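Observations on the model geometry
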Amino acid sequence: MRVPLGLLLVLLTARTVTAQVAFSSGLPAPSGKHSFAQIPESAWLDLRQTTNNRSIQSAPAWVESVKLDATGKTDATPAAAVFRIRVDRPVGNYHVLFVRLFFFDRGHSHPSLTAWDESGSQLIRSGPLGTGSEVDNSASVMVPMHSASTIDIESPGDGSEVRGAFLQWMTSSELVHAPDASAQESVPQPFAAATGLSTPAQDAEKFGTVTASLAAESVRIGGTSDQAALFNFELEAAPLLALVSFEIAGPRIDSPPEITVNGHGAGVASLILPGLADPGYRGEMRALTNEMRFQYTGWVRAQIVVPAGLLQTGANEIAIMNGRNASTSVIRATQIQLKYLWDKSDYILKPQP
């Protein structure tokens, strides 16, 4: 289930036992106050703990250091790895840092984020990040940085399930949005092609279109019919058209989910993908193949138009399963829109040629 992000003002104490630099090639040593460009660069921090990592580690000047600390186990807390990121806030209207963490979303061990000021006082602490989906995933946090200088990413165990972190300074401006869209839905994230889906608490009708939630919670899907997610619902009348939408974590982008409606194949869902520069894309090479396949390690929106002829008055069933050769994924915020005639419907009648 989705775990809400909360701010805890409880200071946690941990005993530091070891420390090492997470970057194999190190970072440039800071020399006084940095001179920043008008728009500060974003940062991709590779936090994988591998000895054969051949990539040259680098970061913008505002990232002063990245270290890996380990905390010892106590009666109250288990052992954990802490990636400590020290930053220098750029000059200008940059008071919020967008942090997106990439990790394997283990069900029983969630990473968390803490921000500290120069005096060592804890300013904010996130709740557990991730949903326990048991797939490679990512989670984002907006961190107020008015007085914060250090961000700790804490992961239970040795931290090996953490893959990397994307950091981007956010600026503020007046945001115009429809009153029926919440502020959270309207805030665009870096690289995102669409805002997150919200789940309607109850069925809603607008302009002859009914929007209904099929399932708000996360559901695992596989690539076979017995691993499909099943959604059963009843209709008072068959619609003219239907649109099924959901968010999916960890999809293989060349093998999107397949949809079945009342036992009939409706086709494959369309993925609304972010820009290819998004660090969420991860390549995969398999034996006896010469083409790299890509998985998106985060949440993206998927949707499919369902022909009216596949739905019926009374009981209906929609099945969603992963595409061929795709590994297990997780879907959430699954919903359906049903279009009916209304008094201002726009349509034309075309005579036979």
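These lines cover the structure that appears in this document, whether it is placed above or below.

Points about the overall build of the protein chain
Within the protein chain, the regular secondary structure consists of 1 helix and 23 strands. Looking at the 353 residues of the protein chain, the share that counts as buried comes to 41%. In the protein chain, of all internal contacts separated by at least 6 residues, the share reaching a separation of at least 24 is 78%.

Some words on empty space enclosed by the protein
To find leftover empty space, a probe the size of one water molecule is rolled over the atoms. With the rule as written, the count across this model stands at 1 cavity of 30 Å³ or more. Each pocket or cavity is described by its volume, and for the largest cavity that value is around 40 Å³. Forming the boundary of the largest cavity are Phe103, Phe104, Ser109, Pro111, Ser155, Pro156, Glu161 and Val162. Elements with a contribution of two residues or more to the lining of the largest cavity: strand E5 (96–104) and strand E9 (148–156). A per-class count over the lining of the largest cavity returns 5 nonpolar, 2 polar and 1 charged.

A few points about the sheet that holds strand E22 (residues 314–321)
One open sheet accounts for 4 strands, arranged E14-E22-E16-E17; its pairing is antiparallel. Because the sheet does not close on itself, it has two edges, and the strands there are strand E14 (229–235) and strand E17 (264–268). Each adjacent strand pair in this sheet contributes to an overall mean axis angle of 20°, direction not counted.

A look at the pairing of E5
Taken across its 9 residues, E5 has 7 buried, putting it largely inside the fold. One ladder, built from 8 bridges, connects E5 with strand E10 (residues 162–170); its direction is antiparallel. From the neighbouring strand, valine 96 faces E10, where its bridge partner is methionine 170.

A few points about the environment of glycine 298
Of note, glycine 298 is situated in the loop between strand E20 (293–296) and strand E21 (299–307). Judged by its relative accessible area of 0%, glycine 298 falls in the buried class. Spatially, the C-alpha atoms of glycine 298 and glycine 250 are 5.8 Å apart, while their sequence positions differ by 48 residues. Those residues in contact with glycine 298 that lie beyond four places of it in its chain are Arg100, Asp136, Asn137, Ser138, Ile248, Ala249, Gly250 and Pro251.

Topic: the environment of phenylalanine 83
With respect to the element layout, phenylalanine 83 can be found in strand E4 (residues 80–87). A relative accessible area of 0% places phenylalanine 83 in the buried class. Placed 36 residues apart in sequence, phenylalanine 83 and leucine 47 show a C-alpha to C-alpha distance of 8.0 Å.

So, the sheet that holds strand E2 (residues 43–46)
As summarised here, the arrangement of the 4 strands in space is E2-E10-E5-E8, forming an open sheet in which the pairing is antiparallel. In this open sheet, the two edge strands, each paired with only one partner strand, are E2 and strand E8 (136–144). On average, each strand axis in the sheet is inclined to that of its neighbour by 20°, with strand direction left out of account.

Examining the pairing of E9
Burial within E9 is extensive, with 7 of its 9 residues counted as buried. Across 7 bridges, the pairing between E4 and E9 is antiparallel. Its bridge partner lying in E9, alanine 81 is registered against serine 155.

Things to note about the pattern of salt bridges
Inspection of the entire model under this criterion finds 15 salt bridges. With its nearest N and O atoms 2.7 Å apart, the salt bridge here joins arginine 86 to glutamate 118. With arginine 86 in strand E4 and glutamate 118 in the loop between strand E6 (112–117) and strand E7 (122–125), the pair connects residues that are 32 residues apart, well separated along the chain. Its relative accessible area of 27% is what places arginine 86 among the partly exposed residues. Judged by relative accessible area, which is 56%, glutamate 118 ranks as exposed. Here glutamate 247 makes a salt bridge to arginine 332, at a shortest N to O gap of 2.8 Å. Taken together, the residues glutamate 247 in strand E15 (residues 241–249) and arginine 332 in strand E23 (residues 329–339) connect sequence positions 85 residues apart. According to the relative accessible area criterion, arginine 332 is buried, its value standing at 13%. Here the residues in one salt-bridge network are Arg252, Asp254, Glu291 and Arg293, joined through shared partners.

Looking at the side chain of asparagine 137
Residue position: asparagine 137 is located in strand E8. Ignoring anything within four residues of it in the chain, the contact list for asparagine 137 reads Leu101, Phe102, Phe103, Asp105, Ala249, Thr297, Gly298 and Trp299.

Here we look at the packing of aromatic side chains
Scanning the entire structure with this criterion turns up 6 aromatic pairs. Seen from their ring centres, tryptophan 44 and phenylalanine 102 are 5.3 Å apart, and the 75° between their planes marks the pair as edge-to-face. Of this pair, tryptophan 44 sits in strand E2 while phenylalanine 102 sits in strand E5; the two residues are 58 residues apart in sequence, bridging distant segments of the chain. Here tryptophan 44 falls in the partly exposed class, since its relative accessible area comes to 31%.

What about the side chain of aspartate 278?
Looking at the secondary structure, you find aspartate 278 in the loop between strand E18 (270–272) and strand E19 (281–284). Here the side chain of aspartate 278 touches glycine 280 through a polar contact of 2.7 Å, landing on its backbone nitrogen.

How each quantity is defined
- Residues numbered from 1 in each chain as written.
- Predicted model: local features only at pLDDT ≥ 70, side-chain atom pairs only at ≥ 80, totals over all residues.
- Heavy atoms only, no water.
- Helix = DSSP H or I, 4+ residues; strand = E, 2+ residues; numbered from the N terminus.
- Buried < 20%, exposed > 50% of the residue type's maximum accessible area, 1.4 Å probe, protein only.
- Contact = heavy atoms within 4.5 Å.
- 1 Å grid on protein atoms, 1.4 Å probe; cavity = no way out; pocket = protein on both sides within 12 Å on 5 of 7 lines; lining within 4 Å.
- Points joined across faces, edges and corners; volume = space filled by probe spheres on them.
- Nonpolar A, V, L, I, M, F, W, Y, C, P; charged D, E, K, R; others polar.
- Pairing = 2+ DSSP bridges.
- Axes fitted to C-alpha atoms, helices over the stretch in contact; angles between N-to-C directions.
- Salt bridge = Lys/Arg side-chain N within 4 Å of Asp/Glu carboxyl O.
- Phe/Tyr/Trp six-rings, centres within 6.5 Å; stacked < 30°, edge-to-face > 60°.
- Polar contact = N/O pair within 3.5 Å; in protein donor to acceptor, adjacent residues only side chain to side chain.

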